[in-house]
Amino acid sequence: MQLSNWCDVARPGRVYLEGQYARLEPLSARHKLDLFESARAPGADDRFRYLSENVPSDEADIQAWVEKAAASEDPLFFAVIDLRTGKAHGRQALMRIDTAKGVVEIGNILWGPTIARPRISTEAVYLAARYVFDQLGYRRFEWKCNNLNEPSKRAAERFGFSFEGIFRQHMVVKGANRDTAWFAMTDADWPLIKPSYAAWLSPDNFDDSGQQRTKLNTTLRAT
């Protein structure tokens, strides 16, 4: 298939992306204490199991990580802000940025227990996808994870990323082999997936206790 009108796309920038429940903002030193609190919350070992770094042992650890992450252009890190509290209890990145081919990955995801609730985490992915496709014009948005990471694989499919295969012996992480499960959505998928996000994120989809009335179902729309 020839792409006669294709041209390079812009790199993602340090932008603020506002939603109804969450905001993505450029990660900076001011997020340090929130991220430390989130990282050290109960269940930390499970959340860090498949990340390249370990649970920070003290504020000096998170300070060093934040300084490095805030200066990085790729991965380009964003703090995930819970709009109810104004706190940054999570982070994610746009990474492996290829402007010539129009490909970018969402990764380095760490959502603390207070924002791992579906509305905030789902909107965090939605805001990133909308930015990548609608504003920047990328062709492909990827999600990759350790093939042993079953929660991440389920999340990828819930968010509308299609499974594409396993890269065997793809990495060595923390001294262990990593087979990588590969997922992606394309600019052809996105117009079919996007309405499902919008409908699911509508306040009308949640009862007074915050429980969803209908589930997010991107699978049929993405086929």
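Our subject in this report is the structure included herewith. (Residues numbered from 1 in each chain as written. Predicted model: local features only at pLDDT ≥ 70, side-chain atom pairs only at ≥ 80, totals over all residues. Heavy atoms only, no water.)

Scanning all chains against the criterion turns up 16 salt bridges. Across the salt bridge formed by Lys87 and Glu37, the nearest N and O atoms sit 3.7 Å from each other. Taken together, the residues span a long stretch of sequence, with Lys87 in strand S4 (residues 87-98) and Glu37 in helix H1 (residues 32-39) at a distance of 50 residues. You can call Glu37 partly exposed: its relative accessible area is 40%. The salt bridge involving Glu105 is made with Arg96; its shortest N-O contact spans 3.3 Å. Under the relative-accessibility criterion, Glu105 is labelled buried at 5%. For Arg96, a relative accessible area of 46% gives the class partly exposed. Connected via shared salt-bridge partners are Arg96, Glu105, Arg140, Glu142, Lys144 and Glu164. (Salt bridge = Lys/Arg side-chain N within 4 Å of Asp/Glu carboxyl O. Helix = DSSP H or I, 4+ residues; strand = E, 2+ residues; numbered from the N terminus. Buried < 20%, exposed > 50% of the residue type's maximum accessible area, 1.4 Å probe, protein only.)

Further remarks concern the environment of Val125. Its location among the elements puts Val125 in helix H4 (residues 118-135). For Val125, a relative accessible area of 0% corresponds to the buried category. Between the alpha carbons of Val125 and Pro56 there is a distance of 25 Å; along the sequence they are 69 residues apart. Contact partners of Val125, with chain neighbours within four places excluded, come to Gln92, Ile106, Trp111, Trp143, Phe159, Phe161 and Tyr197. (Contact = heavy atoms within 4.5 Å.)

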